[in-house]
Amino acid sequence: MSTTRQPLRLLGRSFDGFDRALGRQMPGAVAEPAEHRLPDILELQEQVVAGSAATSGETDLLLVVTDWLPALIAAGKVLPLDPFIARTPPEGWPDAWHPALRELQRGPDGSTYGVPYHAGPMMLLYRADHYDDPGEQAGFAERFGYPLAAPDTWEQYLDQARWFTRPGEGRYGTIAAGYPDEHNTVYDFLTQFWSRGAELTDAEGRLSLESAEALDSARFLYDLWHTHRVVDPAGAQWDSVASGVRFAAGGASLMVNWSGFAALSAPADSPTHGRVRCAPVPRAAVPGGTRVALNSYWVLAVAAGSRRPDAAYELLRGLTTPEMDRITAQEGGTATRLDSWADPAVSGLAPYYEQFEEAHGNTRSLPRDPRWPQISEVLNDMVGALVKGSAQPAAAVAVAHRRLTEIG
């Protein structure tokens, strides 16, 4: 008597681009039935990082952000891929991927735990039609005393967000993702904090926010929402995906977000089709300041509880071929392979590909610390209070500092 095996199961984050791409990819990625499920990011984090989805046998392959990998590796929830790679590596591994996309999935012992599926990093996205408009250029230069161009510093970013905010027209200068899902809220703070030359640990290596840079970073974010009011208040309920969708719909003139969201403007029926450019993230014009772009990407990893890890790895290999990587790009995700970036059929889909190699050379990632889920929760709560306006910057930072010191 024969029995029918359950399909291979992939668990990842809700995103239309992922859903469309996987819908096309899964049937041809492996020679047996496979299915995918994509809950929202908070539910995914609860199931995978805090829960047992990776170990219970209910999931074979995970599509997870690199931020979570240190905790998943420390908890034994994902399998090292080295034995699989030694037998049958992904096509072109490792040289087909930029070095910046090969490090964050490495464990403390040097083992590899994932292969990239969708990449960042953060970049500045801005409306070419707004910046090229002669009337906007003349008016901006008259008010602020310098030419209108993609902002080089955070001060210029704020000037331009103020300029393009026209409340009477229902228009805001910039967009931020304020939904407290430990994603863009945390990244936005760290982008400000690190660009000011600060670190999350003090001279003794203890977690700390007791610095002028922490307060300045918190104040910058608070002022965007409440002092200058250059962000749509509705953004307090937008996650990164929703904020990217809003920008593609014409909701603002500039934003700092994941570069991949520029692909949402690629369809011919998009109101911003052909009108979006990308540039480096602004820098902090302070002593010791620099330009910091957050690098975080989504990898495919074999769940430790998979009852068929060899088949799960074959699915991973099938989803990371050049053909499948191009499908990811075509459906609204971001290709991760160097050969895809160099392919005119891919690079023509979004304005960031021509700058991707350079952009990945100036990135910084989240701390590879098993305590990161606790740290992220603290920073998320702090920024959430700033976005809601329920705490002034100094008070929000003080609470976050105390909570970080308690983590140890």
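Caption draft 1: Representation of the overall build of the chain in the model. Tallying secondary structure elements over the chain gives 17 helices and ten strands in all. Over its C-alpha trace the chain gives a radius of gyration of 21 Å, about what one expects of a compact globule, namely 22 Å for 408 residues. Taken over the C-alpha atoms alone, the chain extends approximately 80 × 50 × 35 Å along its principal axes. For the chain, with 408 residues in total, the buried portion stands at 57%. The long-range fraction of contacts in the chain, counting pairs at least 24 apart against all pairs at least 6 apart in sequence, stands at 73%. Of the roughly 16,400 Å² that the chain leaves accessible, carbon and sulfur atoms contribute 49%. The chain carries 35 positive and 51 negative side-chain charges, and their two centres are separated by 1 Å.

Caption draft 2: Fine view of the side chain of Ser 111. Of note, Ser 111 is situated in the loop between α4 (82–87) and β4 (115–118). Beyond its immediate chain neighbours, meaning those up to four positions away, Ser 111 contacts Pro 80, Asp 82, Gln 105 and Arg 106.

Caption draft 3: Structural detail: the sheet that holds strand β6 (residues 254–258). The strand order across the open sheet formed by three strands is β6-β5-β7, and the pairing between neighbours is antiparallel. Bordering the open sheet on either side are β6 and β7 (276–279), each of which pairs with just one other strand. Averaged over all neighbouring strand pairs, the angle between strand axes comes to 35°, with direction disregarded. Across four bridges, strand β5 (residues 122–127) lies against β7 in antiparallel orientation. Residue Leu 124 lies in a different strand from β7, and its bridge partner there is Ala 279. Sitting on the sheet, helix α7 (residues 154–164) touches β5 and β6, and the angle it makes with β6 is about 125°. Contacts from helix α8 (residues 184–195) reach β5 and β6 within the one sheet, and its direction differs from that of β5 by about 95°.

Caption draft 4: Inspection of the pairing of strand β9 (residues 298–302) at higher detail. With five of five residues buried, β9 lies mostly within the body of the structure. Because side chains alternate across β9, one face comprises the buried residues Trp 298, Leu 300 and Val 302, and the other comprises Val 299 and Ala 301, equally buried. The pairing of strand β3 (residues 61–65) with β9 spans five bridges and is classified as antiparallel. Paired with Val 65 across the strands is Trp 298, a residue of β9. Judged from the three bridges that link them, β4 and β9 form a sheet pairing that is antiparallel. In the sheet register, Val 115 faces β9, and the bridge partner there is Leu 300.

Caption draft 5: View of the pairing of strand β2 (residues 34–37). Strand direction decides the pairing type here: strand β1 (residues 8–11) and β2, joined by four bridges, are parallel. The residue bridging Arg 9 from the neighbouring strand is Glu 35, located in β2. After leaving β1, the chain enters helix α1 (residues 16–29) and then returns to the sheet as β2, a path that is right-handed.

Caption draft 6: Summary view of the packing of α1 against helix α12 (residues 322–330). Two elements in contact, α1 and α12, have axes separated by 9 Å at closest approach and are oriented at 165°. Here α12 runs roughly antiparallel to α1, going by the angle between their axes. The chirality of how α1 crosses α12 is right-handed. Across the interface between the two elements, Ala 21, Arg 24, Gln 25, Gly 28 and Ala 29 from α1 touch Met 324, Ile 327, Thr 328 and Gln 330 from α12. Split by residue class, the contact of α1 with α12 holds four nonpolar, four polar and one charged.

Caption draft 7: Region of interest: helix α9 (residues 212–227). Taking 1.5 Å per residue, 16 residues should reach 22 Å; α9 reaches only 19 Å between its end C-alpha atoms and comes up short. Restricting attention to buried positions, one finds in α9 the residues Ala 214, Ser 217, Ala 218, Phe 220, Leu 221, Tyr 222, Asp 223, Leu 224 and Trp 225. On its buried face, α9 sits against α7, α8, α16 (372–388) and α17 (393–407).

Caption draft 8: Structural detail: the pattern of salt bridges. Under the counting rule described, the total for this entry stands at 23 salt bridges. Notably, a salt bridge pairs Asp 202 with Arg 206, separated by 3.1 Å at the nearest N-O pair. The class of Asp 202 is partly exposed, set by a relative accessible area of 26%. With its nearest N and O atoms 3.3 Å apart, the salt bridge here joins Asp 216 to Arg 219.

Cut-offs used in this document
Residues numbered from 1 in each chain as written. Predicted model: local features only at pLDDT ≥ 70, side-chain atom pairs only at ≥ 80, totals over all residues. Heavy atoms only, no water. Helix = DSSP H or I, 4+ residues; strand = E, 2+ residues; numbered from the N terminus. Rg over C-alpha atoms; globule rule 2.2 N^0.38 Å. Buried < 20%, exposed > 50% of the residue type's maximum accessible area, 1.4 Å probe, protein only. Contact = heavy atoms within 4.5 Å. Areas by Shrake-Rupley, 256 points an atom, 1.4 Å probe, with all protein chains shown as cover. Lys, Arg positive; Asp, Glu negative; His and termini not counted. Charge placed at Lys NZ, Arg CZ, Asp CG, Glu CD. Pairing = 2+ DSSP bridges. Axes fitted to C-alpha atoms, helices over the stretch in contact; angles between N-to-C directions. Right-handed = clockwise from strand over helix to strand, strands pointing away. Parallel < 35°, antiparallel > 145°, perpendicular 65-115°, else oblique. Left-handed = near helix turned anticlockwise from the far one by under 90°. Nonpolar A, V, L, I, M, F, W, Y, C, P; charged D, E, K, R; others polar. Expected span 1.5 Å × (residues − 1). Salt bridge = Lys/Arg side-chain N within 4 Å of Asp/Glu carboxyl O.

So far we have only geometry, and geometry alone does not tell us how the molecule works.
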